[in-house]
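A look at the structure
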Amino acid sequence: MEWETVIGLEIHAQLATESKIFSGSSTTFGAQANTQASLVDLALPGVLPVFNEQALKLAVIFGLGIGATIHKRSVFDRKNYFYPDLPKGYQISQLHHPIVGEGKLDIALADGTVKRIGITRAHLEEDAGKSLHEEFPNFTGIDLNRAGTPLLEIVSEPDIRCAEEAVAYLKKIHGLIRYLGISDGNMAEGSMRCDINISMRPMGQETLGTRAEIKNVNSFRFVEKAIAHEIERQVDILEDGGSIVQETRLYDSDLDETRSMRSKEVAMDYRYFPEPDLLPIIIDDEYIEALRANLPELPDQKKQRFIDQHGLSATDAEQLSGSLELGDYFEQAVELAGSAKLCANWIIVELSAQLNKHDLGVSESPVSAQQLGELVSRIQDNTISGKIAKTVFQTLWKDGGSADQIIESQGLKQVTDSGAIEALVDEVLAANPSQVEQFKAGKEKMLGFFVGQIMKASKGKANPAQVNQILKDKLTA
């Protein structure tokens, strides 16, 4: 049977506030365990939550960024469940009346197609603490520093059909929250993590299958691998005549497998009811429009500007605008080099290859935008060829310095003297008379042979365009 995958993502983004959503405790990452947990976070009897207005502001900004409905009245609810890192025995969240309603996000896929993913809602809630297992053999340690950190949970429609679409959507959300400045999106630190809801159904069937939820996946690569494994697991069960159990699973990256954690709760199991210690949140049009007026340039707007202003292809513009840091890097390099298309090519091909190889972000690149811009400008003014530029780039990556210093110290300056190039051409043609005759007999592929020999004789320094022109002139004379 042919199966269709149905995926929905729940993305949890920690909001960039200095204090927690219902207390004044710091949200700084990396502090000693339990040093940033106040009486409110510890849920001592008699304490009351006080709502952090900055969390509301950041949530509204996100809603405006995805063109969503902003609800002028939203309500907090208690989501009741018992877990060691949840001191109150319930989580303050939003169910029926979230701050952000329906929105949408367009994602670009590898084949150039654009797909729209619906966003059901985005609601505010508090994060739980963290259970620590590795440091305490036979015990579980509890760190409540994270308890009460403001989260925005972004819930997609089940519009995603494969791992590629899921990763593209996750990356788009990651880029957007960084552009908007509402979260640092640091997945390694847990600032953004993802729950994957996945089910299978026979192709053409409208009814959704039974879903499994994979909790707290914290990297793009792991999301892709977790989905691939879960699809295979569910299809194997269904084709053997079994049925899928609705449950919560975890992804083990070491074993590349998903494992059952617990049976999946439904909403009634959480016994939601309105939070009695917090009033409903009421905002007006003036509040919303003031935030809208100060929205920064968003990824899709930057993509279009790169196309219009710099003449980039849609694919290149999409890649360069997807990350705030990468877009800034590109524009800084262009400012120095002048050629946007050449800078885009070097960033997308050479720089990205090195970053991926060494598992680095662009902000960690050993080659700065200024260094790359200077390198590209030396290609532009014919100081070096594109081939020599790759040698210079590798030296910049390993040893630093500047393109000019490397070109000068290693004697890499391109030969542009037409007399010197003509002498090389004559020398190569004289040394290869049979190949000259083959060319004149119609074997035009020999041109590449001659160019290779000339570049080899010049140690790669001869200007390729001049070599080609002088060579053609002599061979066709």
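Residues numbered from 1 in each chain as written. Predicted model: local features only at pLDDT ≥ 70, side-chain atom pairs only at ≥ 80, totals over all residues. Heavy atoms only, no water.

Let's shift gears to the overall build of the protein. A tally of regular secondary structure across the protein gives 15 helices and 15 strands. Here the C-alpha radius of gyration of the protein, 29 Å, is well above what a compact globule of 477 residues would show, namely 23 Å. Oriented by its inertia axes, the alpha-carbon framework of the protein measures out at about 95 × 55 × 50 Å. A total of 477 residues make up the protein; the buried ones form 48% of that total. Of the contacts made within the protein by residues no fewer than 6 positions apart, 67% connect residues no fewer than 24 positions apart. A total accessible area of about 23,500 Å² is found for the protein, and carbon and sulfur atoms account for 50% of it. With 48 positive and 70 negative side-chain charges, the protein shows a separation of 3 Å between the mean positions of the two kinds. (Helix = DSSP H or I, 4+ residues; strand = E, 2+ residues; numbered from the N terminus. Rg over C-alpha atoms; globule rule 2.2 N^0.38 Å. Buried < 20%, exposed > 50% of the residue type's maximum accessible area, 1.4 Å probe, protein only. Contact = heavy atoms within 4.5 Å. Areas by Shrake-Rupley, 256 points an atom, 1.4 Å probe, with all protein chains shown as cover. Lys, Arg positive; Asp, Glu negative; His and termini not counted. Charge placed at Lys NZ, Arg CZ, Asp CG, Glu CD.)

With that settled, the discussion passes to the packing of aromatic side chains. Within this structure, the stated rule accounts for ten aromatic pairs. Between the aromatic rings of Phe 22 and Phe 51, the centroid separation amounts to 6.3 Å while the plane-to-plane angle is 45 degrees, which identifies the pairing as tilted. One end of the pair, Phe 22, is in the loop between β1 (3-14) and α1 (53-65); the other, Phe 51, is in the loop between β1 and α1, and 29 residues separate them in sequence. On the numbers, 6.3 Å between centres and 35 degrees between planes, the contact of Phe 393 with Trp 397 is tilted. Linking Phe 393 with Trp 397, this pair stays in helix α10 (residues 386-399), spanning four residues, or about one helical turn. By relative accessible area, Phe 393 is classed as buried at 0%. Taken together through their ring pairs, the aromatic side chains of Phe 22, Phe 51 and Phe 76 make up a single cluster. (Phe/Tyr/Trp six-rings, centres within 6.5 Å; stacked < 30°, edge-to-face > 60°.)

Here Ser 156 lies in strand β9 (residues 150-156). Classification of Ser 156 as buried rests on a relative accessible area of 7%. Not counting residues within four places of it along the chain, the set of residues in contact with Ser 156 comprises Gly 8, Leu 9, Ile 117, Gly 118, Ile 119, Thr 120 and Tyr 169.

Each pocket or cavity is described by its volume, and for the second largest pocket that value is around 2,000 Å³. For the second largest pocket, the lining is made up of 42 residues, of which Lys 171, His 174, Phe 220, Ser 323 and Asn 356 are closest to its centre. Grouping the amino acids of the lining of the second largest pocket by side-chain chemistry returns 16 nonpolar, 14 polar and twelve charged. (1 Å grid on protein atoms, 1.4 Å probe; cavity = no way out; pocket = protein on both sides within 12 Å on 5 of 7 lines; lining within 4 Å. Points joined across faces, edges and corners; volume = space filled by probe spheres on them. Nonpolar A, V, L, I, M, F, W, Y, C, P; charged D, E, K, R; others polar.)

Here we come to the side chain of Arg 78. Tracing the chain through its elements places Arg 78 in strand β3 (residues 77-80). A residue is classified by how much of its surface remains accessible, and Arg 78, at 14% relative accessible area, is buried. Looking at Arg 78, its side chain comes within polar contact range of the side chain of Asp 277, at 3.3 Å. If near-sequence neighbours (up to four positions away) are discounted, Arg 78 is found in contact with Tyr 90, Gln 91, Tyr 270, Arg 271, Tyr 272, Phe 273, Glu 275, Pro 276 and Asp 277. (Polar contact = N/O pair within 3.5 Å; in protein donor to acceptor, adjacent residues only side chain to side chain.)

In the case of a regular strand, side chains alternate between the two sheet surfaces. In β3, alternate side chains face the same way, and those of Asp 77 and Lys 79 on one face and Arg 78 and Asn 80 on the other are all buried. With four bridges connecting them, β3 and strand β4 (residues 90-93) associate as antiparallel partners. Residue pairing across strands places Asp 77 opposite Ser 93, the latter belonging to β4. Sheet topology places β3 next to strand β14 (residues 273-274); two bridges connect them, and they run antiparallel. Across the sheet, Arg 78 pairs through a bridge with Phe 273, a residue of β14. (Pairing = 2+ DSSP bridges.)

With that settled, the discussion passes to empty space enclosed by the protein. This structure, assessed with the given rule, holds one cavity of 30 Å³ or more. Among the elements of the structure, α5 (299-310) and α6 (314-321) are those that each provide at least two residues to the lining of the largest cavity. A per-class count over the lining of the largest cavity returns one nonpolar, two polar and four charged.

Let us look at the sheet that holds β14. Reading across from one edge, β4-β3-β14 is the order of the three strands in this open sheet, with antiparallel pairing throughout. At either end of the open sheet lies a strand with only one pairing partner, and these are β4 and β14.

Compared with an ideal rise of 1.5 Å per residue, which puts 13 residues at 18 Å, α1 spans 19 Å between its outermost C-alpha atoms and is within 8% of the ideal. Within α1, ten of the 13 residues are buried, which leaves it mostly tucked inside the rest of the structure. Every buried residue belonging to α1 is among Ala 55, Leu 56, Leu 58, Ala 59, Val 60, Ile 61, Phe 62, Gly 63, Leu 64 and Gly 65, and all of these are buried. Tucked into the core, α1 has its buried residues touching β6 (114-126), β9, α2 (163-180), β15 (281-282) and α4 (285-293). (Expected span 1.5 Å × (residues − 1).)

We now examine the pairing of strand β5 (residues 103-108). Here β5 shows one buried face, formed by Gly 103, Leu 105 and Ile 107, and one open face, formed by Lys 104, Asp 106 and Ala 108. Two strands pair when backbone bridges link them, and β5 and β6 are joined in this way by six bridges, in the antiparallel orientation. What sits directly across from Gly 103, in β6, is Ile 119. Where β5 hands over to β6, the hairpin turn is made up of five residues, of which Gly 112 adopts a positive phi near 95 degrees.

One key point about sheets: their strands pair by backbone hydrogen bonds, in either a parallel or an antiparallel sense. Sheet architecture is open: eight strands sit in the order β5-β6-β9-β1-β10-β11-β12-β13, paired in mixed fashion. Only two strands of the sheet have a single partner each, and these edge strands are β5 and β13 (257-263). Neighbouring strand axes in the sheet, compared pairwise and without regard to direction, differ in orientation by 30 degrees on average. Across four bridges, the pairing between strand β11 (residues 212-217) and strand β12 (residues 247-252) is parallel. Residue pairing in the sheet places Ile 214 in a bridge with Arg 249 of β12. Against the sheet, α2 touches β1, β5, β6, β9 and β10 (192-202), its axis set at about 115 degrees to β5. (Axes fitted to C-alpha atoms, helices over the stretch in contact; angles between N-to-C directions.)

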